[in-house]
Amino acid sequence: MALPTALTSRLSGRLRTLVGGGPGVLLELELGRGVTETPPASPLEALRSIRTPSLRSVVKALEEAAADDDVVGLVCHLGTWEPTLAQSAELRAAVGVLREAGKRTVVWSEAYGELGPGNTPYHLASAFEEVWVQPSGDVGLVGMSARATFLRGVLDKVGVEPQLAQRHEYKSAADTFLRTAMTEPVREMTTRLVTSATDTLVADVATSRGLTREAVRAALEAGPLTADEALERSLVDRIGYRDEVYDDLGAGPDAVAAGSVALRFVEKYSGTGGLSSVVENLTGSLPGSSGDPVVAIVGAHGAIHLGRSGPSSPLGGPSVGSDTLAAALRAAGRDDAVKAVVLRVDSPGGSYAASDTVHREIHRLREAGTPVVASMGSVAASGGYFIAMPCDRVLASAGTITGSIGVLAGKQVLREAFDKVGLAQETVAGGRYADMFSSDRGFDDEEWARLEGWLDRVYDDFTAKAARDRGMAVGDLREVARGRVWTGADAAEIGLVDELGGLSRAIDVACELASVSRRRADVRTYPRTGPLAALQQPENSQSPAAAAGVLLGGDGPPLLAQLLGLVGLPPTTGVLTMGLDLRLR
């Protein structure tokens, strides 16, 4: 069996040292294109991600580099990427591991927000030992803000009547269509989200930069800052261009040509970049076993729906199909090598029935003796939280959008809009409620009563299960539910999550619960099916191919939902969908 590239790199480097030394390795991390959370979900996405590393591969590589004597440091270019607060937290932790190992860590960027917010880019940059900015660049540390979009005025103009209901006052998805401004409860919730995220930003920057929180607050109130102003306030260490950064590191063109230092991209160091990684992500890899206990990382990324995971069009991103995710959990439970599962959730929710299917499989997996740990990424809301809450332990980053324990349903009445364009529709119904959700008429009183009763039933089921899973009284759980969205930091305070931490910490917890040494654990994405499994028809619901998504033509969100997401509107993929798209920047 071939050794992993990173291990081969370390062994060859140490061999060079024994026979007379060699150049130290300076790792380069190029984040101008950002990072991905998931393997590519379509061929087009695969091609676009050839030079975009995954978040997990970067974190893993930096943790490996911390123990590699040949690695002397890390230089990172941020560029225009704006990570989420949760993504920044995971990368900050990995950079911290390198710093603790005595490696030099340097970050540079042309600007941290140009004429605008640069909160999360600077949040990540502040974790490095040295922060550089170009002379012409700004530091946009200005505090977090949130934006919500409302369509009611537009709908009135075109003759569309929204008929939607939700549970309860903080469940704000319907507000996009029903209102022209935030309600007081939603404004209260949004203000707390912004305040909590800004508190996290200030606290982390102060700790990393050795400043008081008061000093960071003062800089934030004065921002955006010029390069000179940021230097005066100790937010950056040096002002200079890229060539000056590399010359200062002893890694300029002459030094590299002379062999005094070796530059290597993080993806190349860890063996997770390039075209080969794309092929592997699309087709999987042949099953194999190292003989070590396995900690399986099972991904739940995107909107949750019934059917198989995969994009519904070449432009579509990842989605969570209940058939696919449930099959992956069952496969992990049948695999004797799998000692624990980490469920990585990054989802705004979606279908109630699909979420409940996954919820059931997690309970069955735990009852069979396999511990399950939820690692919540940038967002785990509504249905996304529904599938995280039954796990043995639930972890989130301080900036993870969490909760939204609520429900919504209804329809858009298009009769007036159709009349304006001369479109006529006529329905023949074969039952009392056969055309209840028809878009050419509104609900009558009996239909509204049925809709309201159904919403109550779903909300009662959601909150009862959340209370049981979290070990809380139903009344206490409902006090923090009501459709409200929390940051991970606040969710930890009220008991919706167990602790703050990223994927690496979740793996540690999984090892602890399974009584497995982290050093011995074989941590792998699961399932790793054979080549072209995503293109194959499974033989049955228990076969490995059933746990693989599809590359094209999946059962994911319709194109309309994808287009709504592109313009900042909530997807319409199910009743357990997060509320207003409150984008923290």
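Residues numbered from 1 in each chain as written. Predicted model: local features only at pLDDT ≥ 70, side-chain atom pairs only at ≥ 80, totals over all residues. Heavy atoms only, no water.

1. Description of the overall build of the chain
Cut-off, in case you're wondering: Segments assigned H or I by DSSP are reported as helices when at least four residues long, segments assigned E as strands when at least two residues long, and all are numbered from the N terminus. When a residue's accessible area, from a 1.4 Å probe over protein chains only, is under 20% of the maximum for its type it is buried; when over 50% it is exposed; and in between it is partly exposed. In this analysis, two residues are considered to be in contact whenever any of their non-hydrogen atoms come within 4.5 Å of each other. For the accessible areas, the method is Shrake-Rupley and the probe is 1.4 Å, while residue cover comes only from the protein chains on display.
A count of helices and strands for the chain gives 23 helices and 24 strands. Scored against the burial criterion, the 585 residues of the chain give a buried share of 55%. Counted over contacts in the chain with a minimum sequence separation of 6, partners at least 24 positions apart contribute 76%. As presented, the chain carries roughly 24,800 Å² of accessible surface, and 53% of it is formed by carbon and sulfur atoms.

2. Structural notes on the packing of aromatic side chains
Heads up, the rule is: We call Phe, Tyr and Trp rings a pair once their centres come within 6.5 Å, taking the six-membered ring for Trp, and we label the pair stacked below 30 degrees between planes, edge-to-face above 60, and tilted otherwise.
By the definition in use, this model includes 5 aromatic pairs. On the numbers, 6.4 Å between centres and 85° between planes, the contact of tyrosine 352 with phenylalanine 386 is edge-to-face. Remark: phenylalanine 386 occurs in helix 17 (residues 383–388) and tyrosine 352 occurs in helix 16 (residues 352–367); sequence separation between them is 34 residues. We classify phenylalanine 386 as buried; its relative accessible area is 0%. On the numbers, 5.2 Å between centres and 65° between planes, the contact of phenylalanine 443 with tryptophan 448 is edge-to-face. For phenylalanine 443, a relative accessible area of 9% puts it in the buried group. The exposure class assigned to tryptophan 448 is partly exposed, which follows from its relative accessible area of 24%.

3. Points about the side chain of arginine 209
Stated precisely, the cut-off is as follows: Polar contacts, as used here, are pairs of N or O atoms within 3.5 Å; protein pairs need one atom able to donate a hydrogen and one able to accept it. Residues neighboring in sequence count only if both atoms are side-chain atoms.
If you trace the backbone, arginine 209 turns up in helix 8 (residues 184–209). Classification of arginine 209 by relative accessible area gives buried; the value is 13%. There is a polar contact of 2.9 Å between the side chain of arginine 209 and the backbone oxygen of serine 234. A distance of 2.9 Å separates polar atoms of two side chains, one belonging to arginine 209 and the other to aspartate 237. Among all residues touching arginine 209, those that are not within four sequence positions of it are Tyr122, Ser126, Phe128, Glu129, Val131, Ser234, Leu235, Val236 and Asp237.

4. Examining the confidence of the model for the chain
The line we're drawing: Scored between 0 and 100, pLDDT is the confidence that the predictor attaches to each residue.
Per-residue pLDDT for the chain has a mean of 85; in total, 81% of the residues score no lower than 70. Below a pLDDT of 50 lies the segment residues 272–288, which in the model reaches 35 contacts outside its immediate sequence neighbourhood of four places, other chains included. Low pLDDT (under 50) marks residues 562–571, which in the prediction has 22 contacts with non-local residues, meaning those over four places away or in another chain.

5. Concerning helix 4 (residues 85–100)
The condition is simple: Each residue after the first adds 1.5 Å to the expected span of a helix.
For helix 4, which comprises 16 residues, the first-to-last C-alpha distance of 22 Å matches the rise-based estimate of 22 Å (1.5 Å per residue) to within 8%. Residues Leu85, Ala86, Gln87, Ser88, Glu90, Leu91, Arg92, Ala94, Val95, Gly96 and Leu98 constitute the buried set of helix 4. Glycine 102 sits one or two residues past helix 4 and shows a positive phi near 85°.

6. Topic: unusual backbone geometry
Most peptide bonds are trans, and most residues other than glycine sit at a negative phi. Of note, the bond from arginine 167 into histidine 168 is cis; its omega dihedral lies within 30 degrees of zero at -5°. Residue position: histidine 168 is located in the loop between strand 7 (161–167) and helix 7 (175–178). Residue proline 224 is reached from glycine 223 by a cis peptide bond, and omega for that bond is 0°. One non-glycine residue, arginine 482, adopts positive backbone phi at about 55°. Mapping arginine 482 onto the fold places it in the loop between helix 20 (474–479) and strand 20 (485–487). With phi around 55°, serine 515 is a residue other than glycine that occupies positive phi space. Judged by its relative accessible area of 68%, serine 515 falls in the exposed class.

7. Overview of the nonpolar core
The cut-off we apply is this: Only buried Ala, Val, Leu, Ile, Met, Phe, Trp, Tyr and Cys residues count toward a nonpolar core, and they belong to the same one when joined by side-chain atoms within 4.5 Å.
Grouped together as the largest cluster of nonpolar side chains are 55 residues, with contacts concentrated most on Leu325, Val341 and Leu343. At 7 residues, helix 19 (residues 445–470) tops the list of elements feeding residues into this core. Residues Ala66, Val71, Val95 and Val205 belong to the second largest nonpolar core, which totals 50 residues.

8. Here we look at the pattern of salt bridges
This is how it is decided: Throughout this description, the term salt bridge denotes a Lys or Arg side-chain nitrogen within 4 Å of a carboxyl oxygen of Asp or Glu.
Taken as a whole and judged by the stated rule, the model has 33 salt bridges. The salt bridge involving aspartate 392 is made with arginine 366; its shortest N-O contact spans 3.1 Å. Of this pair, aspartate 392 sits in the loop between helix 17 and strand 17 (393–396) while arginine 366 sits in helix 16, and the two are 26 residues apart along the sequence. Under the relative-accessibility criterion, arginine 366 is labelled partly exposed at 30%. A salt bridge links arginine 505 to glutamate 512; the shortest N-O distance between them is 3.4 Å. The structure contains a network of salt bridges with shared partners spanning Arg432, Asp435, Arg441, Asp444, Glu446 and Glu447.

9. Here's the deal with the packing of helix 16 against helix 19
Applicable threshold: Interaxial angle, 0 to 180 degrees, is taken between N-to-C directions of lines fitted to C-alpha atoms, where a helix line uses only the stretch in contact. Comment on the angle field: the value is read as roughly parallel under 35 degrees, roughly antiparallel over 145, roughly perpendicular from 65 to 115, and oblique elsewhere. If you view the pair so one helix is near and one far, a crossing is left-handed when the near helix is turned anticlockwise from the far one by less than a right angle, and right-handed when it is turned clockwise. Under the grouping applied here, Gly and all other residues not named as nonpolar or charged are polar, the nonpolar ones being Ala, Val, Leu, Ile, Met, Phe, Trp, Tyr, Cys and Pro and the charged ones Asp, Glu, Lys and Arg.
Following both chains from N to C, one finds helix 16 and helix 19 inclined at 25°, their axes separated by 13 Å at the closest point. Taken together, the axes of helix 16 and helix 19 lie roughly parallel to each other. Considering only the axes of helix 16 and helix 19, their crossing is left-handed. Where helix 16 approaches helix 19, its residues Tyr352, Asp356, His359 and His363 are matched on the opposing element by Val458, Asp461, Lys465, Arg468 and Asp469. Across the contact of helix 16 with helix 19, the residue classes tally to 2 nonpolar, 2 polar and 5 charged.

10. A word on a negative patch on the surface
The test is simple: Exposure above 30% relative accessible area and the absence of a salt bridge qualify a residue for a patch, where like charges join within 9 Å and nonpolar side chains (Val, Leu, Ile, Met, Phe, Trp, Tyr) within 5 Å. The charge count includes Lys and Arg as positive and Asp and Glu as negative, but it does not include His or the ends of the chains. Charge placement uses NZ in Lys and CZ in Arg. For Asp and Glu, CG and CD serve respectively.
Judged by side-chain charge, Asp243, Glu244, Asp247 and Asp254 come together as a negatively charged surface patch. Ranked by residue count, the leading element in the negative patch is helix 11 (residues 242–248), at 3 residues. Locating aspartate 243 in the fold gives a position in helix 11.

11. Observations regarding the environment of isoleucine 405
As for its placement among the helices and strands, isoleucine 405 is situated in the loop between strand 18 (401–403) and strand 19 (407–413). Not counting residues up to four positions away in its chain, the partners in contact with isoleucine 405 are Tyr385, Tyr459, Phe462, Thr463, Ala466, Leu477, Ala481, Arg482, Gly483, Arg484 and Leu496.

12. Some thoughts on the sheet that holds strand 10 (residues 261–265)
What counts here: Here a strand pair is declared whenever DSSP counts at least two bridges between the two strands.
An order of 9-4-3-2-1-10 is seen for the 6 strands of this open sheet, with the pairing classed as parallel. Edge positions in the open sheet fall to strand 9 (238–239) and strand 10, since each of these has one partner strand only. Pairing of strand 4 (residues 130–133) with strand 9, which is carried by 2 bridges, proceeds in the parallel orientation. The residue bridging valine 133 from the neighbouring strand is isoleucine 239, located in strand 9.

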